[in-house]
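Results of the structural survey
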Amino acid sequence: GGSVFFIADESLNTLAGLRSKIHVRAGPGRNGTGKNRDGCFGNDIRVRVPCGTIVRELHSQKVAGELRTHGEELMVARGGRGGRGNAAFMTHRRTAPKLSERGEPGAERWLSVELRLVADVGFLGMPNAGKSTLLSSASAARPKIADYPFTTIVPNLGVCDLGEESSGLVLCDIPGLIEGAAQGTGLG
């Protein structure tokens, strides 16, 4: 059968294309036919992902690979090896052997795909200015929102879908900055 590859593409910036795909399967190979003809190889499948994608084994969380630069390829599942038909066991004495060897199945893996995001837009402003509320209404992110200052302690990221497949705007909610923060005022 065919193999499954991930290819880094700099024109993508989100994993929205993989959101609806739970299973990615390459094409199966075909059996050989009469007159000593070999079978066909399975078709490989190539899945485009954005640069900065990290692929991990789902259960062990071991890193299977990382795609950093445009055009970089990572084989995430190798296709099976084809078997040998009776023509491989033919001799001058045994011209029609009733013997063959089955092929091996391809690899099956459950993977976790994550993306190192770099924000396109950052919300910067005074505490309680509504930065987290704007992020939660523009994306599916759910930052902590409360009516006291300095609710946001660490930056929160969200992706605003723009309608096109695999395109989106990465938004970042930055903690509130006030005058004198370098001297320890506020969060410091």
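Quick summary incoming for the structure in this document. (Residues numbered from 1 in each chain as written. Predicted model: local features only at pLDDT ≥ 70, side-chain atom pairs only at ≥ 80, totals over all residues. Heavy atoms only, no water.)

On the secondary structure map, P155 appears in the loop between α2 (131-138) and β8 (156-161). Of the residues examined, P155 reaches a relative accessible area of 51% and is grouped as exposed. Remark: the alpha-carbon pair of P155 and C172, spanning 17 residues in sequence, is separated by 6.5 Å. Setting aside its immediate chain neighbours within four residues, P155 contacts C172, D173 and P175. (Helix = DSSP H or I, 4+ residues; strand = E, 2+ residues; numbered from the N terminus. Buried < 20%, exposed > 50% of the residue type's maximum accessible area, 1.4 Å probe, protein only. Contact = heavy atoms within 4.5 Å.)

A word on the sheet that holds strand β2 (residues 45-50). Overall, mixed pairing links the three strands, which are arranged β2-β1-β5 in an open sheet. The two strands at the open ends of the sheet, each matched to only one other strand, are β2 and β5 (73-77). Going from strand to strand, the sheet's axes swing by 30° on average, the running direction of each strand aside. By the bridge criterion, six bridges tie strand β1 (residues 4-9) to β2 in an arrangement that is parallel. Its bridge partner lying in β2, I7 is registered against R48. (Pairing = 2+ DSSP bridges. Axes fitted to C-alpha atoms, helices over the stretch in contact; angles between N-to-C directions.)

Let us look at the environment of G85. In this structure, G85 sits in the loop between β5 and β6 (111-115). Note on G85: relative accessible area 40%, which makes it partly exposed. In this structure, the C-alpha to C-alpha distance between G85 and T33, residues 52 residues apart in sequence, is 9.5 Å. The contact partners of G85, leaving out residues within four places of it in the chain, are L99 and S100.

Looking now at the sheet that holds β6. Spatially, three strands are ordered β4-β3-β6 in an open sheet, and the strand pairing comes out antiparallel. For this open sheet the edge positions go to β4 (63-67) and β6, each flanked by a neighbour on one side alone. Between one strand axis and the next, the sheet turns through 15° on average, direction left out of account. Sheet topology note: the strand β3 (residues 53-57)/β6 ladder contains five bridges and is antiparallel. Among the inter-strand pairings, V55 is bridged to a residue of β6, identified as V113.

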